[in-house]
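Report on the structure
Listed below are the residues making up each chain.
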Amino acid sequence: MNHEIIYIMKYSNYFLVRKLFIICILNNSINLGLLNSQQSQESPNPNTRVVMPEVEVSESEPSLTVPSAQKMQELLNELPASSNLIEAKRVRQGRAATLQDLFLFQPGIWTQPGFTGPNAYRISIRGSGLSTGAGTERGIWFLQDGIPLNPPDGVLFNQGQFDPLAYQYSVISRGAEAFNYGFATLFGAVNFVTYTGYTAPPYSAYFTAGSFGWLQGSIEAAGVESKTDYFAVLSDASAEGYRFHNSFNNAWLNTNIGYKITSSIENRIYFTYSNQQWQVPGPLALEEVLTDPTTANPAYVEGDYRQFWDTTRVADKATYIIDPNQTVNMGISWTNLHQITFYGLFFQSSNNFFSLPCNYTNTMDLYGHRNLIVAGVMPMGEFYQENWNRLLGTIQGTPMATYNMTVVNIPIYAYDQFWVNEKFSINLALQAVYDRMTNEAFKDLLHRSVDTTLTFSQFNPKLGLLYQVDPHNQLYTSVARSFEPPSLYETAISPTALPPNLALYPNRAQNAITAEIGTRGQWDRFNWSFAFFQSWVTNELLEVSLNPPLNTLIYTINAPPTTHRGIEISLNTTLAKGLMVSNSDSQNQDQIVLYQIFDWYRFYLNGNFFSPTTHQEIPLRGNQLFGVPEYSYMAQMLYMHPSGFYIGPNVMAWSTYPVDLVNTAFAPGTALLGFRIGYQNPKKHLSIYLDGRNLTNEHYVAMVSDVFDASNGGKIPLSKQTYYWPGDGWAIYGGISWNF
């Protein structure tokens, strides 16, 4: 028995013991819930200042640490920036298993899979992560109830740890709205808000089955016992995959327990565990995608490319309401991410990172005018080790390199929103950030040690204006500076690519100035949001392959000045009402609603590129950046009956986009047709759905591996340019859930 098999067996046994322990914890939670549990009672939505998409909420705010969707929507309505609030009820109208399922039919965010499963998606907000691999979302911060899920360098977010069934709603904060969490990133943040014992049903079971051997199930328990509330969900998902060498299996546990120390102090403890195992089928040539997309890249099959990720996270959040105008939130989190990758090399890493967020909110009037002050600090740290070994076939071979890395990231922020009058407010914000990363690299068998330390710091201001046209409509604008240092992932690159005597590649921090103008509101049967933005970016961090088509020499470099410009439109139209159920209460009429999303993006280079290999300037001014289409359109038309029945088609379409910076190769655009039918009981007992995707069985490119020059100066023929990841073929998913 070889060393690799022994190691994997030990690792699998470790997983098994952990899972059994976790199941015991969940079982005890369920037994506790049998003693005394209660459901939160719902009431109609109160009138809000701006009529936005409806959200379902409880009559009061039973949890101090986790705001209701209604309260969050009210806060978002008063910020001069773009945002999306996505409720679980809407996500569960179809398959609810991946980040793409969550972000479907949302403006300003592009999400496409590398292959079947929840573990590898390219997620881009306004051009973020254009060149990073799936699962490494540059420029987007992910949070759980306001506590970071990313490591402190901000890039490596474990997509597979996300279980949509654990969250009651999610908020996408696009662009400068990430300032609200303390981050001055160019692209934004996503906050996942958990269920609690107050908002989840006492017991729930969920099951989904579908194409490509897809199986997904979960059990949930929640309740309230005196001053304590709890929520726990245990889930598992697996599939054989659309392509060969494409199977996966994920298991998740998400729990939280809240305790009200007094009526104004609440503490909530979170425990999250995820285990992911998946095969990687690899990219194909374009002709292969269009003719036989189910095949796998032979090199990936021969090398048995696959990954194992194991994530454990513990967090705590405390909220103290000093008085009706003052609130303090404090938190702490620790995450351990263990990763094993067979990807041409044997790669093993252990990552421990933590955060200590703290913020203060004050809503007292200032000089007789309404005013909001928020100030906070979010220290974060990371201890990371990775080992690279050669592979002898599929057996772990001799060591190649070892990295020992640390990161410290300390953002301090404050903003003030002052209402000049009832209609007009001014938002001023400032963030200061300090970032330090250190790496000790052992590059070869002789263990020659190299140490490198990089430090970055900057002040980032923001100005925003919000005008309330009438109770239903708003105008807003903002100008903000963003700052993003390179991450560990982008500096601790392949030892063969590092300059002599350096353990970190010396990239500069990415800076940008972004201006945005937009509107949101409602008139008659129309509900909309519109945003236009432009970012002037210097030193944009782009990851490219410099030796296509092997793509073994990949690292991040600073681009010449770039421009990110775009328009994001969301338009919901009630086409008809009272077709079969007509009464005076419009909420109890059947209706047909058309949801439409249109995004236009123009991301391009403003200067020539300096080649890191030939050290010559390459004329690329005006070339389009890669990875995201210029135009995309999504629409869904649903007939909805007050009994809970719904039915309707949907469509996704996008334009051609480049694979490389030289703009010699392009991924073709496509249009995908889908269909949904289901039933969601108004009393939330029974829900069933059928979700059809890509019903015309289009062969299309879902994601690309970005390169500098796809043809390598004309040396690589089109048939050898394996940069294209096929999307799934036609698929049907069906699910049922029952709340007790």
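You'll find the structure just up there.
Definitions and cut-offs
- Residues numbered from 1 in each chain as written.
- Predicted model: local features only at pLDDT ≥ 70, side-chain atom pairs only at ≥ 80, totals over all residues.
- Heavy atoms only, no water.
- Core = buried A, V, L, I, M, F, W, Y, C linked by side-chain atoms within 4.5 Å.
- Buried < 20%, exposed > 50% of the residue type's maximum accessible area, 1.4 Å probe, protein only.
- Helix = DSSP H or I, 4+ residues; strand = E, 2+ residues; numbered from the N terminus.
- Phe/Tyr/Trp six-rings, centres within 6.5 Å; stacked < 30°, edge-to-face > 60°.
- Lys NZ or Arg CZ within 6 Å of the ring centre and 35° of its normal.
- Patch = residues over 30% accessible without salt bridge, like charges linked within 9 Å, V, L, I, M, F, W, Y side chains within 5 Å.
- Areas by Shrake-Rupley, 256 points an atom, 1.4 Å probe, with all protein chains shown as cover.
- Salt bridge = Lys/Arg side-chain N within 4 Å of Asp/Glu carboxyl O.
- Pairing = 2+ DSSP bridges.
- Contact = heavy atoms within 4.5 Å.
- Axes fitted to C-alpha atoms, helices over the stretch in contact; angles between N-to-C directions.

Nonpolar side chains in soluble globular proteins generally cluster together in the buried interior. In terms of nonpolar packing, the biggest core is built from 59 residues, with Leu99, Leu102, Phe103, Ile123, Phe142, Val190 and Phe192 touching the most fellow members. Among the elements that take part in this core, strand S12 (residues 228-239) stands out by supplying 4 residues, more than any other.

Before going further, it helps to spend a moment on the packing of aromatic side chains. Counting across every chain of the model gives 24 aromatic pairs. Taken together, a centroid distance of 6.4 Å and an interplanar angle of 80 degrees make the contact between Phe308 and Phe342 edge-to-face. On the criterion of sequence distance, the pair formed by Phe308 in strand S15 (residues 306-323) and Phe342 in strand S16 (residues 326-342) is long-range, its members being 34 residues apart. When its relative accessible area of 9% is taken as the criterion, Phe308 is described as buried. Ring geometry for Trp523 versus Phe526: centroids 6.0 Å apart, planes at 5 degrees, classification stacked. Classification of Trp523 as exposed rests on a relative accessible area of 57%. Given a relative accessible area of 31%, Phe526 falls into the partly exposed group. Linked through ring pairs, Phe142, Phe162, Tyr167 and Phe192 together constitute an aromatic cluster. The ring of Tyr595 carries Arg90 above its face, with NZ or CZ at 4.2 Å from the centroid. Arg126 extends its terminal NZ or CZ atom over the ring of Phe533, reaching a point 4.4 Å from the ring centre.

Quick look at a nonpolar patch on the surface now. Among the surface-exposed residues, Val314, Ile332, Trp334, Phe354, Leu356 and Phe383 lie close enough to one another that they form a single nonpolar patch of about 520 Å² accessible area. In this structure, Val314 sits in strand S15. The partly exposed category is assigned to Val314, whose relative accessible area is 35%.

What follows concerns the sheet that holds strand S8 (residues 167-174). Read across the sheet, 5 strands follow the order S3-S8-S9-S6-S7 without closing on themselves; strand pairing throughout is mixed. Looking at the sheet topology across the chains shown, the edges are occupied by strand S3 (82-87) and strand S7 (147-148). Where S8 meets strand S9 (residues 188-194), 7 bridges bridge the pair, whose relative direction is antiparallel. Looking across to S9, one finds that Val171 is bridged to Asn191. In the packing of helix H2 (residues 69-77) onto the sheet, contacts are made with S3 and S8, and the angle to S3 comes to roughly 170 degrees.

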